[in-house]
Amino acid sequence: MAHIDNTDPLLQEITGPTPGQMLRKRVFGHQGLLIGAVVLIILLFIAIFAPLLAPHDPYAQSLMNRMEPPVFLGGTWEHPLGTDHLGRDYLSRLIYGARVSLLIGAVAALISGVIGTAMGVAAGYFGGRVDMVVTFLINVRLAMPVVLVALAVVAILGGSLQVVIVVLGLLLWDRFAVVMRASTLQVRGREYVAAARAIGASTPRVILSEIMPNIANNLIVVITLEMAHAILLEAALSFLGLGVQPPTPSWGLMVSEGKNMMLFEPWLVLIPGAVLFLLVLAINLMGDGLRDVTAPENRS
Amino acid sequence: MTRQSTQSSPVLELRNVTKTYKVKQGLFGKARPLTAVNDVSLSLPRGEVLGLVGESGCGKSTLAKILLGLEAPTHGQVLVDGEEIGAQDRLSLARRIQPIFQDPYSSLNPRKSIFDIVSLPLRVHGVGGPQDWEKQVREILDIVGLPARVMNTYPSQMSGGQRQRVAIARALIMKPEIVICDEPTSALDVSVQSQILNLLGDLRREFGLTYLFISHDLAVVEHLATRVAVMYLGRIVEEADVAGLFDHARHPYTQALLKSVLTPEPGLGVPDTQLGMAYPNPIDPPSGCQFHPRCPLATAHCKAKAPRPVPTPQGLVECHLYDTESPMFDNKAA
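Parameters at a glance
- Residues numbered from 1 in each chain as written.
- Chains lettered and ligands numbered in written order.
- Predicted model: local features only at pLDDT ≥ 70, side-chain atom pairs only at ≥ 80, totals over all residues.
- Helix = DSSP H or I, 4+ residues; strand = E, 2+ residues; numbered from the N terminus.
- Rg over C-alpha atoms; globule rule 2.2 N^0.38 Å.
- Buried ≥ 20, exposed ≤ 12 C-beta atoms within 10 Å, placed from the backbone.
- Contact = placed C-beta atoms within 7 Å.
- Pairing = 2+ DSSP bridges.
- Axes fitted to C-alpha atoms, helices over the stretch in contact; angles between N-to-C directions.
- Core = buried A, V, L, I, M, F, W, Y, C linked by C-beta atoms within 7 Å.
- Domains from an automatic or database assignment.
- Left-handed = near helix turned anticlockwise from the far one by under 90°.
- Right-handed = clockwise from strand over helix to strand, strands pointing away.
- pLDDT = per-residue confidence, 0-100.
- Nonpolar A, V, L, I, M, F, W, Y, C, P; charged D, E, K, R; others polar.

Caption draft 1: Molecular detail of the overall build of chain B. A count of helical and extended segments in chain B gives 11 helices and 12 strands. For chain B, the C-alpha radius of gyration of 21 Å lies close to 20 Å, the compact-globule estimate for 334 residues. Along the first, second and third principal axes, the C-alpha atoms of chain B reach 70 × 50 × 50 Å. Per-residue burial for chain B yields a buried fraction of 44% across its 334 residues. Taking all contacts inside chain B whose residues are at least 6 apart in sequence as the whole, residues at least 24 apart take part in 64%.

Okay, structure coming up:
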């Protein structure tokens, strides 16, 4: 048992790259993750700095300039993406709409993630009665059609950004609970959990430091799926007129408002639709990438 | 050395330990008891290695879980240094008893670096700060024969033997008195097995450890153990010192186990243990002596009456053949 001097530079060197360095290497070697992250960061940047980036006030109507076509369809640079049926600048509304979509996606996924993960992990870890109660709640939740319930609640409470976020947050936890319960069940029986308990680790410690890291990659995938799901649901609710209320700029609302003119001015629907698609794609790419770089199998 | 250790008080003692599980059969079936560990009494003097052998499903691992405080016994007591483990808090029990599990691919958290895994006991018990942890981890890795550079690697980057060394380092970093080795070599290659066994032997001498060594591999037990207990359907059917058991196996089950050891001799094929039928269902244990359906020497008496533990020169045996008060007592056999 020789005493080892850990200030020895030679020893420091042979300890090899640290886990952080290896993670960085994996992140920058993953194209899907990088593309998704870059697109998401750009959209996030746009949302945060919307007042600086938008060329016009998104609420300012100009009935003289209704439905001007975008630049690539013969419009002017005054309104690069044209104007809508009330003469509002489409690009500015699109930029402000990013705020609504990202906010709803992030907060709704956060609320439902906390609810669903707590329920699922508790059910998987403790089993027995806890599991029975959680499984029952999941079944009750799965029996409720999200859009219908959201419609009813919004109809009663009135549509607003806050109501939509809370309603979606309280409705979208089912997948978190199902996936986290199954993953926890799988991990709970591993010997390292028994080893941690034999070491004397407390139940919160076992859950947070032994179980959570091993189910986190599934959680990341579900978070991104549910974020995308919430964004699409908000768009659907807004399209149905029960989500974010006009004149707040929201991509779903823009599709809804453009649908009457879809045959003659298809870009009114296509532009917000394309941006929505891009956002959801970026979130999913990033989720898949995060799962890949954090999975232990890829650490050879 | 043997005399010394028999004089000292047992560091680990089990008194009539029984563990019963309720097993539900089907959705509406009635829960039936499954006795995984049945009235086990063992005592383990300091510095000794007790080998616990038996078939898969005989209750060896349940016994290990009880000793680690992961399961509570239904009846009976487990005493560590004369103190009952139910009365101790988990942390102080963990300082005294540590496990080494069977499968090093499952016993190390794949998300944690080797440093995190080995230093977990220090962090849980709040010993020292990050600086001490690194020093202690380096020391213990050195002791188990791993280079310090593995600290930043993950279990998936290591071989089975290296992983088992990490598991040993984790078990020993708190300097426990007792180590429960639950088949520590059965998941490893033969060449690596011997390395790990030698390491365990060296560590025992160096730190004065006491092992409970659970295995189904008799050769491994003969190599490391000082005493051996043979388990069948949750009961200890024979206990003896290692020479006594391997030279004069008394219980017919022990004899069959010894016969089952494979030899490298070509042409001998798989040994015939004459055990006949398969391992019985523990939910429906046989009457009388639980071994009687498979015992080549069984009689009607075995079917009717359970044998009692009989002392032998080397230990204990539960078999009518050795019980002087039994009609089956066989002078030749005893």
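Right, picking up where we left off after that structure.
Caption draft 2: Focus on the overall build of chain A. In terms of helices and strands, chain A carries 13 helices and zero strands. Each helix and strand of chain A, placed in order from N terminus to C terminus, yields the pattern α-α-α-α-α-α-α-α-α-α-α-α-α. Whereas a compact globule of 300 residues would reach a radius of gyration of roughly 19 Å, chain A reaches 24 Å, over 25% beyond that. By principal-axis analysis of the C-alpha atoms, chain A measures approximately 85 × 55 × 25 Å. Sorting the 300 residues of chain A into buried and exposed places 42% on the buried side. Contacts in chain A between residues far apart in sequence, at least 24 positions, make up 70% of those at least 6 positions apart.

Caption draft 3: Molecular detail of the sheet that holds strand 11 (residues 309-311) of chain B. Residue and element names in this part refer to chain B. Spatially, the eight strands line up as an open sheet ordered 6-7-8-3-9-10-12-11, and their pairing is mixed. The two strands at the open ends of the sheet, each matched to only one other strand, are strand 6 (97-100) and strand 11. Across this sheet, the average inter-strand angle for adjacent strands is 20°, counted without regard to direction. Pairing of strand 3 (residues 49-53) with strand 8 (residues 210-215), which is carried by five bridges, proceeds in the parallel orientation. Across the sheet, the residue bridging to V49 is Y211, located in strand 8. Strands strand 3, strand 6, strand 7 (178-182), strand 8 and strand 9 (227-232) of the sheet are contacted by helix 2 (residues 60-67), whose axis makes an angle of about 155° with strand 7.

Caption draft 4: Inspection of the pairing of strand 3 of chain B at higher detail. Residues and elements named next belong to chain B. In terms of residue burial, strand 3 counts as a mostly covered element, since five of its five residues are buried. Where strand 3 and strand 9 come together, four bridges link them in parallel fashion. Residue L52 lies in a different strand from strand 9, and its bridge partner there is A229.

Caption draft 5: The environment of Y105 of chain B, seen in detail. Residue and element names in this part refer to chain B. Its place among the elements puts Y105 in the loop between strand 6 and helix 4 (114-124). The class for Y105 is partly exposed, based on 16 C-beta atoms found within 10 Å. Remark: the alpha-carbon pair of Y105 and M174, spanning 69 residues in sequence, is separated by 22 Å. What Y105 contacts, discounting residues up to four positions off in sequence, is R163 and A187.

Caption draft 6: Structural detail: the nonpolar core. The biggest cluster of nonpolar side chains holds 164 residues, and the ones touching the most others in it are L168 of chain A together with V118, L212, F213 and V230 of chain B. The residues that make up this core include at least three from each of domain 1 (2-247) and domain 2 (258-334) of chain B. Listed in part, the six residues of the second largest apolar core include V310, C319, L321 and Y322 of chain B.

Caption draft 7: Here's a closer look at the packing of helix 5 (residues 90-126) of chain A against helix 6 (residues 128-142) of chain A. Residues and elements named next belong to chain A. Helix 6 packs onto helix 5 with a crossing angle of 145° between their chain directions and a minimal axis gap of 7 Å. For the pair helix 5 and helix 6, the crossing hand works out as left-handed. Between helix 5 and helix 6, the residues in contact are M119, A122, A123 and F126 and G128, V130, D131, V134, T135 and L137, respectively.

Caption draft 8: Region of interest: the sheet that holds strand 5 (residues 83-84) of chain B. Residues and elements named next belong to chain B. Judged by pairing direction, the sheet is antiparallel, and its four strands sit side by side in the order 2-1-4-5 without closing on themselves. Both outer strands of the open sheet, strand 2 (31-45) and strand 5, are each paired with one neighbouring strand and no more. Most of the contacts of helix 2 go to strand 2, to which it runs at about 65°, and overall it touches strand 1 (10-24), strand 2 and strand 4 (75-80).

Caption draft 9: Quick peek at the pairing of strand 7 of chain B. Residues and elements named next belong to chain B. Burial analysis of strand 7 places five of its five residues in the buried class, which makes it a mostly covered element. Residues I178, I180 and D182 point to one face of strand 7 and V179 and C181 to the other, with burial holding for every one of them. Pairing analysis gives five bridges linking strand 7 to strand 8, with the strands arranged parallel. In the strand pairing of strand 8, V179 is matched with Y211. In this view, the connection linking strand 7 to its parallel neighbour strand 8 by way of helix 7 (residues 190-207) has right-handed handedness.

Caption draft 10: Looking closely at unusual backbone geometry. All names here are of chain B. Although it is not a glycine, N16 adopts a positive phi angle of roughly 50°. Within the secondary structure, N16 is located in strand 1. The class of N16 is exposed, set by 12 C-beta atoms lying within 10 Å. Unusually for a residue other than glycine, K175 sits at a positive phi of about 50°. For K175, the location among the structural elements is in the loop between helix 6 (160-172) and strand 7.

Caption draft 11: View of the confidence of the model for chain B. Residue and element names in this part refer to chain B. In this model, chain B carries an average pLDDT of 83, and 91% of its residues clear a pLDDT of 70 or more. No element of chain B has a lower mean pLDDT than helix 1 (residues 2-7), which averages 43, and none a higher one than helix 4, which averages 91. For this predicted complex, the interface confidence reaches an ipTM of 0.80, while the overall pTM sits at 0.78.

Caption draft 12: Representation of the domain arrangement of chain B. All names here are of chain B. Along its sequence, chain B is organised into domain 1 (2-247) and domain 2 (258-334). One C-alpha centre belongs to domain 1, the other to domain 2; they are set 28 Å apart. Every contact between the two is made by 18 residues of domain 1 and, on the other side, 15 residues of domain 2. Here the side of domain 1 that touches domain 2 gets six residues from one element, more than from any other, and that element is strand 10 (residues 235-241). Of the residues that constitute the side of domain 1 that touches domain 2, the class distribution is nine nonpolar, three polar and six charged.

Caption draft 13: Spatial organisation of the packing of helix 10 (residues 191-199) of chain A against helix 11 (residues 203-239) of chain A. All names here are of chain A. Where helix 10 meets helix 11, the closest approach of the two axes is 10 Å, and the angle between their N-to-C directions is 145°. At the point where helix 10 passes helix 11, the crossing takes the right-handed sense. From helix 10, Y192, V193, A196 and R197 reach across to helix 11, where they touch V206, E210 and I211. Of the residues assigned to the contact of helix 10 with helix 11, the class counts are five nonpolar, no polar and two charged.

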